[in-house]
Every structure is written in C-alpha cells, then in structure tokens.
Amino acid sequence: MALHISKNQVKGGLLFLFSIAILWAGIHFFKEEGVQMLQLQGVFEKTDRAWLFLGLILVFSYVGLHAWMYQLSFQALGAKPAFAAMMRLYLKRNFLSVFLPAGFISSQTFFSKQTARSAGVSEQDVWSASGIFSVAALLSMVVVVAPALGWLLGRQILPGGAAAAFGLFSLILLVLAAFLLNLARRGRIYQWLAVKYPVITGRLDGLNWQRFDGRYFIYAVLASCLVEIVGIFHVWLSVKAVGGTPSWEMAFAGYLAVLVVLMTAPLLRGIGAVEALLAWVLMHLGIDTLTAVAAALLFRFFEFWLVLMLSIPAFLFRPGNLFLRLAPSVLLFLLGGIGIVSGLTPSIPERAGVLGDYLPLEAIHASAALSVTVGFLLMGASFYLYRGLRSAWWFALIMSIIALLSHLVKGFDYEEASWALLTLSALVYQHREYHVKTDIGWLQRLWGPVLIMAGSSLLLGTLGFYLLQHPHFGADFGWKQSFLLALQSFILLEPASLQALTPFGSEFLGLIHLLGGLSLLVLAYALFRPLLPYVGDATLDREKAIHLVEQYGNSALDYFKTYPDKQFYFPRNGQSFVSYKSTARYALALENPVAPNEQLLRDSVLEFDGFCRRNGLRSIYFRIPEASAPLYRSMGKSLLPLGQEAILNLAHFSLEGKERKALRNALHKMERENYVFVVHEAPQNSRLLQQLRAVSDDWLRMLHRNELSFSQGVFDESQLRDQTILTVENADGKIMAFLNLIPGAHAEEGNFDLMRRTSDAPTGTMDFLYTHLFQHLKDKGFSQCNLGLVPMSGLDSPSTLSENLMKLAYERVPRFSAYKSLRFFKEKFNPVWETKYIAYDNQLDLMNLPIMLDQVVRNG
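Notes on the structure in this doc start here.

## Remarks on the overall build of the chain
Part 1: Along its length, the chain carries 33 helices and eleven strands.
Part 2: Buried residues in the chain amount to 48% of all 860 residues.
Part 3: Of the contacts formed within the chain by residues at least 6 apart in sequence, a portion of 74% connects residues at least 24 apart.
Part 4: Split by element, the accessible area of the chain, about 42600 Å² in all, is 64% carbon and sulfur.

Written out as structure tokens, the structure reads:
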C-alpha cells in the first residue's frame, strides 16, 4: 500500500525542521561563546530587584496595551467589548501563536465564535476587528521601528551591512502597502484570492466600511506604538538589571534585532534565535558576553515566557468558569484539613524557639488548639460556601483570617499560612458569586434560645469548675479562671492545663462540650439557612398573567406560562411578567418574559435576575428562542443549545410524491382496518375523559414514567374538559390515541399538548393521527403547526465541550435513543427546525441543571 503525503504535510514538516534548526543555532551560539549555566546563575543572583520589579510592571502594561488595541479595533466598528474580554482574547491568541506557522497572523483566526458571543457582535465583526488589530501592529513598525533603524544607521551605531537590512525592511513595508491597496480596490490580487481562498474575500466583502470609525484605528496604531516602546525599554532595563551599562542606541538596536527574528521565524516565535541575535548585538555594542546573554534571557522572560505563563489562566479563569466557582470552597475545605493536621502535630523546634522569645507558651498552645477547632469549622462552612450563601462567605473570610494568624502564632508555619492567604485571595476575588441571603427572621427567632442555651452552659461550666476544682481536676480555680475554662470547653477547645482525674470530671467536660456543640450547630443552622422567596396570591397572579398573555403573547409556550404549576414575577413596568418555578437554589424561567417589546423584555430579565439575587436564587432561562439568543448574550449570559423545535408549513404539506409513499401506505392500512379520526369539540363529557384517562395511564405505564410538567402539560381533566380533543378510534369506538389542541399566541399557528396512545395501538396510528391533525388545522384556517421540541437534536457543529458532550450522548448513549426516534418521526413531515437554548450565568449552574430540572418537571 503506497504512502500518500500531502503538500500541506510536507510544508508543515519543513517549517518544523526550520524552527528546530533556528533553535539549534541559538544553542550552538551560546555554546561557542563558552557560556555556562552556573556562570549565568551567578549573574542572575546579583540582579537588581528594583529594576526587575519595574520590568514585571511593564509586562502587565505590555499585555494591557495589546488588550486595549483589540478594544479599539472593535470600537472602530462600533462595538463596545469589555476590556477584560479583550485581554483574554489576546492572551489566548498569544499562546496559540507560539505553535502556529506565522503565528502572529494565523492566530487571529481563532476564538472568533467565542469572542462574538461574549462581545455581543457578529463573527464577521471579530474577523474585521482582528484584521484592524494586525494592520495597526504592522503600521506601528513604520511609525517607530523604521525611523529608529534610520537613526541608528545615521549615527553609525550598526555595521554597514545593516543598510541592506534597512532597505529590505522598507521594501517589505512598501509591498505590504501595495497589497492592502490592491485588496481595497478589488485588483488582481483580490481576484486571485477570490478564486483560491474565497473565505478571505468573503470576510472582506462582509466588512461594513460605512460604520468604520478611523479615529479608533489611529488610536490602535498609537497603542501599538506604545507596545514597541515598551519592548525597547525592556531591552534597556534588562541590561541595567543584570549589571550592564545600557544606552538607548543599544536598546533600539537590540529590539530591532528581535523584530527581525520574529518576522522571519515560522514557528515557536524564534526561540533560541531571538536570544542569540540579541546577545550578539549587545556584545557588538560593548557588553561582555555573560552580561549580554543574561540580559537577552531576561528580556525574553519579560516579553515571551512570562506573557506565555499569563496566557494559561486565560483558558482557566474565564467568567462563569467552573474551576473558579468551586475554587474557594475546595481551598476552604483543604485549609480546614490542613489546620487540623497542623494543630495535632508538633511545630518545627527552630521556629518554635524563635517564637518563644516573643510569645508566652500558653498562647502557642492555645493557637494549636484553635487551629484544630477552626479547621473543623472551615470544613463544615465549605459546604454552605459551595451553595453560595453570603453569610457563609463572611464566616469563611473571618475564619480564614483566624487560621492565618493561628498558623503563624503556633510555630511560624508560613506554609499553612500561605495556603490561608491563597484561600483569602480566592474568597475576595469571587465575592460577587456569594449572594444567597440568610433568613433573618429565622435567625431572629433562634437567637434568643441560642443565647439562653449558651449562657446556661457557661454558667454551669463556671460553677462546675469552681466547685469541683482539686478533687476532680487536681487544681484550684478562681472565678475568672473557671469562666475561661468553661468558655474554652464550650467552643470545643481542650485547655492544655486541664485534665480530668475522675470519671465524673470527664463526664462533666463531655457535658460542656456537648452543650457547646449543640449551641453552635443550632446557630450555624440559623446562620446558614437560605431565605425562601415570597410567594404572592397564586390565583390573582395567574389571572393577571393570563391577561398579559392575551395582550402581548407571541410564543407557542405562552399557554404553559400560565399553567397552574407556575410562579410569577411582575416587573415594575406593569406590562410584562416572568413565568418560573423555583427550587431551594434556582429559579427556572420558562422561555422569554411575556412583554410588549424587546426593551421591556430585556428590562424584565434584568429585574428578575435582581429579584433572584435578593432572594438567594440563581436564574436560568429555559427554551430561549434562537431569535432572542443575541439579547441574552449581550447581558453576559452563556447559552447551551437545548434541541430543535419543528414547525410545519401546512400549505406545503401534501401526501403526494414518492417521499410520502410510506405515509400513504400507513394511512390506507388504518382505513382498511376501520380506524377513524374523530374531532371532539369542547366541552367534553365525563365518559370521554375517563376513556382518555385510561389511554394516558396505559401510555405512562408503557414508557415507565410519571407525568412531567413545566414546558408541557399533564393529564388534567379540568384543563381537557374545555379543549378540543382529536382521537383515533377503532370500529368498536375504543380510543387508541389522542391529542388535545391548546390555545396559541399566533393566530396562524396550531398547537397541541398531550400526544398519547395505548400499548396495543397498531403501527401507523400516530401517522394517521398527525396527518388528519394537519388537515383539521388547515380547514380551521391555520397556516402552520408547531410539532414541539426534540431535545439534544440539531447539534451539527458543536463549538464547546458541553455541546460536544451533548452531541455524543445524543448519538451514542442508548438512554437518549428515544430522541433520535422522535426526530426521525417528525422529519418525515419535512418541517422547519428552530434551535432552542438554555441561558445561564456560569458553569456551576450548568452542572446543577440536570438535578434542578428533575426537581422542576416532576409533577406534584
């Protein structure tokens, strides 16, 4: 079998080999110069820390300027993306640019879809803004680098051979300008690209030049010029930090050498070659070998390695990231475990000896016991922190500070103290995620009993220690010492100087510990009990919601928004409402709020989010229509495709044609066997409802499931009595299948809810029912029929991990095979498919979604 190697594989292999050759050349240069790592270590140990710190500050300026360039590039197109989002975009693309051919340019094509979602713009705008960013970066070389190169040549700082480099550099810029001009005028280069690479010209054609604001483009060029200036200063600073004597001529020359390599290196951003050429230039200008190499390595640490390390958190720490949301709870739990282990193990003698000169021994022993107690409290609080309680956040913050101090006092355990400091930082950074309120009323009701229990326990403990004294504990205690011993025992500390000598003394200590533990548990329950949302008069709220649906309803789900299982939130505008169901931690809203226009819809979402935060709930929006997806993204929400809804155009539906042959055969078979389609207009009598109940129960038994509600109805005789029922019946009048028509918000769209059949219904029953349903709706003047949602279907091009997992489950997991069958059944009618979404705030919401949905959809 012959081995086929494509041109792209050959090209990629040559690029890789060329990059390895560049890296080898750099290593060979250092080897030939006799540079030893041990010698370099001595140079780095003498690095001036002040200059090093300034270099680190400039690194953050370097990253921030690139993010500002992206922001200005988007603003040139009329968009207003967040600065933090642009910084993440730059860091991600910078990371990829190391591993891509022509990385600076090719990396601009990545993360376009994610950026479009987060910035609330089109993917075309992301492409256009990325192009503006690239052009601004190249033009800054004309503004800063080209004059600098000419200045260096004029002062004869560089060797004469550099004149050729200056000429080549100028030629490259002229060619680039001619290339861009040809594209703008749709010249021959544009025509060639249109044939060979139509995607590129398609992107160019999609750019709306009428909304292009040249001011922001100029600002982007100026920001890029500042990037070049930071790079020049980094060269100067690197030489200064390692003990050299820099000059601005040296900094300009060194930075130009770096740019030469970056513009020509195909891969890996010139690793090895940049360091070698920069060191060579510095040596040529009078810096000794060791200092030149050390300065070159330090420069690359500033502008390459450190920026590369900063790129990694950009992938992990994005808004709503599950890792970020769980980090404080995990860190707190581990801090508690560390505190327990640390408190039960002896301190390092050398550290304890130093502390003994400044602190009394009793304080050191007490801090060890405190570490154990605080450790248990932190581990318990981590659970409530995970649930998002604000009171748990405050408690964790205070306990972490106490843990930090106790670790330092116990034995100057800076390792444990560092972990406590890390936990504190995570708590402060994520403080906005903890907004679930405590039920103050419940806390007020329990505050008195807790105080009485605590006061009684302390009084009992104080009297006990004072009266029992020597016979049971081998010591005489005064009133003050008795109170302190009672207090320590009450909060579950074991005083180092206290030891029970008799069984009664041990039982007494156990009693105080028990009373203290019970008091703390009751207090913790009251402190961490979440506030439950206020529920108004359900009957009046439902009547108001029905009235608003009649005025402003425009969705097939509006009927279910006023279903008896729903709760309602009415915003201040008085013209809209949100239909939802709540659990202990979440409020699941059914689709969009009912509102007269998009602005009030947006305001209603924001108000409902605020209502949920005030009441300790997190909001999620279920079955959002595709047309509303940009609106939710503009509010900072993430979207997950839920599935697709089928809409049938009744005017185009026909039984004619080859593709309808199987459907016609099924209908003829049902008719030959004397099955009939019957329309039962409302109101329905009790006998029919009893027959429908039997069919429904048989259907539920057949599927081994209970009734599910929320975005669909349940078998409710009070609802069905006033609805039109369509049935398939045999010759004896037995109902084999039925569905119920429900009111719709669109006058031209027919909708139904329940669709159920008996276990002994013949093959083709549902085809028979659906086909006659379509004809019935057409006769009633409807132009289309909503066939309902097929969950998890329609994910042809997944772009996130969640979407890929959903697509994999839909296609491969047997449990979800029913959805594939449902999709196949509805596909035979040739409907139009519309994607529906779930809108949520962070990945923790997504992780909790299955449990929360299960709680919401279970009837009763």
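## What about the side chain of Asp 753?
Part 1: Within the element layout of this structure, Asp 753 appears in strand β9 (residues 749-757).
Part 2: Although Asp 753 is buried, it forms no salt bridge, and the closest oppositely charged side chain is Arg 756 at an N-O distance of 6.9 Å.
Part 3: A polar contact of 3.0 Å, which involves the side chain of Asp 753, links it to the backbone nitrogen of Gly 713.
Part 4: Apart from residues no more than four positions distant in its own chain, Asp 753 is found in contact with Phe 560, Gln 712, Gly 713, Val 714, Asn 740 and Ile 742.

## Description of helix α4 (residues 83-97)
Part 1: Taking 1.5 Å of rise per residue, the 15 residues of α4 would be expected to cover 21 Å, and the 21 Å separating its terminal C-alpha atoms lies within 8% of that figure.
Part 2: Along α4, the positions that sit buried rather than exposed are Ala 85, Met 86, Leu 89, Tyr 90, Leu 91, Lys 92, Arg 93, Asn 94 and Ser 97.

## Describing the packing of aromatic side chains
Part 1: The final tally for this structure, using the stated rule, is 32 aromatic pairs.
Part 2: Both rings, one in Trp 236 and one in Trp 248, keep their centres 5.3 Å apart while their planes meet at 15°; by these two values the pair is stacked. Of the two residues, Trp 236 is situated in helix α11 (residues 214-241) and Trp 248 in helix α12 (residues 248-264); the sequence distance between them amounts to twelve residues.
Part 3: Trp 236 sits in the buried class, given a relative accessible area of 15%.
Part 4: Here Tyr 770 and Phe 774 contribute two aromatic rings whose centre-to-centre distance is 5.9 Å and whose plane-to-plane angle is 85°, an arrangement assigned as edge-to-face. Remark: Phe 774 and Tyr 770 occur in helix α30 (residues 765-779); sequence separation between them is four residues, near one turn of the helix.
Part 5: By relative accessible area, which is 0% here, Tyr 770 ends up buried.
Part 6: Given a relative accessible area of 1%, Phe 774 falls into the buried group.
Part 7: Three or more aromatic residues joined by ring pairs form one cluster here, namely Tyr 569, Tyr 580, Phe 608, Phe 611, Tyr 621 and Tyr 632.
Part 8: Directly above the aromatic system of Phe 304 lies the positively charged group of Arg 300, at a separation of 4.5 Å from the ring centroid.
Part 9: In this structure, Lys 544 packs its charged tip against the face of Phe 570, placed 4.4 Å from the ring centre.

## Examining the nonpolar core
Part 1: Ranked by internal contacts, the top residues of the largest apolar core, which has 64 residues, are Phe 74 and Leu 282.
Part 2: Elements supplying a minimum of two residues to this core: α3 (49-75), α4, α7 (123-154), α11, α12, α13 (273-284) and α14 (289-316).
Part 3: Per-element tally for this core: the top contributor is α11, with twelve residues.
Part 4: Counting 30 residues, the second-largest nonpolar core is a separate cluster that includes Met 736, Tyr 770, Leu 777 and Val 790.

## Details of the pattern of salt bridges
Part 1: Counted by the stated rule, this structure contains 19 salt bridges.
Part 2: A salt bridge links Lys 828 to Asp 767; the shortest N-O distance between them is 3.1 Å. Taken together, the residues Lys 828 in the loop between α32 (817-827) and β11 (832-840) and Asp 767 in helix α30 connect sequence positions 61 residues apart.
Part 3: With relative accessibility at 29%, the residue Lys 828 sits in the partly exposed group.

## Focus on the sheet that holds strand β5 (residues 638-649)
Paired through backbone hydrogen bonds, the strands of a sheet run either parallel or antiparallel to each other.
Part 1: Overall, mixed pairing links the eleven strands, which are arranged β1-β2-β3-β4-β11-β5-β10-β9-β8-β7-β6 in an open sheet. Pairing within the sheet leaves two strands with one partner each, and these edge strands are β1 (567-569) and β6 (676-680). When strand polarity is set aside, the average angle formed by the axes of neighbouring strands in this sheet is 30°.
Part 2: Where β6 and strand β7 (residues 725-729) come together, five bridges link them in antiparallel fashion. If you follow Val 679 over to β7, its bridge partner there is Leu 726.
Part 3: Of the strands in this sheet, β5, β10 (784-791) and β11 touch α32, which is tilted by about 160° from β10.

## Re the side chain of Arg 660
Part 1: Looking at the secondary structure, you find Arg 660 in the loop between β5 and α27 (661-672).
Part 2: One buried charge, Arg 660, has no salt-bridge partner; the nearest side chain with opposite charge is Glu 659, at 4.9 Å.
Part 3: What Arg 660 contacts, discounting residues up to four positions off in sequence, is Phe 653, Ser 654, Leu 655, Lys 828, Phe 829 and Asn 830.

## What about unusual backbone geometry?
Phi is mostly negative for residues that are not glycine, and the peptide bonds are mostly trans.
Part 1: The residue after Ala 682, namely Pro 683, is reached through a cis peptide bond having omega 0°.
Part 2: Within the secondary structure, Pro 683 is located in the loop between β6 and α28 (686-703).
Part 3: Positive phi, normally seen in glycine, also occurs at Glu 591, with a value near 55°.
Part 4: Judged by its relative accessible area of 5%, Glu 591 is buried.

## What about the environment of Val 235?
Part 1: Inspection of the secondary structure assignment puts Val 235 in helix α11.
Part 2: On the basis of relative accessibility, which here comes to 2%, the residue Val 235 falls in the buried class.
Part 3: C-alpha of Val 235 to C-alpha of Leu 298: the two residues are 63 residues apart in sequence and 8.8 Å apart in space.
Part 4: Apart from the residues lying within four places of it in its own chain, the contact partners of Val 235 are Met 250, Ala 251, Gly 254, Tyr 255, Leu 278 and Phe 299.

## Things to note about the pairing of β11
Part 1: Across the nine residues of β11, seven count as buried, placing the element largely inside the fold.
Part 2: Judged from the four bridges that link them, strand β4 (residues 618-625) and β11 form a sheet pairing that is antiparallel. Residue pairing in the sheet places Phe 622 in a bridge with Ile 838 of β11.
Part 3: Sheet topology places β5 next to β11; nine bridges connect them, and they run antiparallel. Each bridged residue has a counterpart across the sheet, and for Glu 645 the counterpart in β11 is Glu 834.

## Brief notes about the environment of Phe 774
Part 1: In the structure, Phe 774 is positioned 120 residues away from Ser 654 in sequence and 9.7 Å away in space, judged by C-alpha atoms.
Part 2: Non-local contacts of Phe 774, meaning those with residues more than four positions away in its chain, are made with Leu 648, Leu 650, Phe 653, Cys 785, Leu 787 and Phe 829.

## With respect to the environment of Lys 544
Part 1: You can see Lys 544 is positioned in helix α23 (residues 538-552).
Part 2: Take Lys 544: its relative accessible area is 40%, and that puts it in the partly exposed class.
Part 3: The sequence separation of Lys 544 and Phe 570 amounts to 26 residues, and the corresponding C-alpha distance is 9.3 Å.

Conventions and cut-offs
Residues numbered from 1 in each chain as written. Predicted model: local features only at pLDDT ≥ 70, side-chain atom pairs only at ≥ 80, totals over all residues. Heavy atoms only, no water. Helix = DSSP H or I, 4+ residues; strand = E, 2+ residues; numbered from the N terminus. Buried < 20%, exposed > 50% of the residue type's maximum accessible area, 1.4 Å probe, protein only. Contact = heavy atoms within 4.5 Å. Areas by Shrake-Rupley, 256 points an atom, 1.4 Å probe, with all protein chains shown as cover. Lys, Arg positive; Asp, Glu negative; His and termini not counted. Salt bridge = Lys/Arg side-chain N within 4 Å of Asp/Glu carboxyl O. Polar contact = N/O pair within 3.5 Å; in protein donor to acceptor, adjacent residues only side chain to side chain. Expected span 1.5 Å × (residues − 1). Phe/Tyr/Trp six-rings, centres within 6.5 Å; stacked < 30°, edge-to-face > 60°. Lys NZ or Arg CZ within 6 Å of the ring centre and 35° of its normal. Core = buried A, V, L, I, M, F, W, Y, C linked by side-chain atoms within 4.5 Å. Pairing = 2+ DSSP bridges. Axes fitted to C-alpha atoms, helices over the stretch in contact; angles between N-to-C directions.

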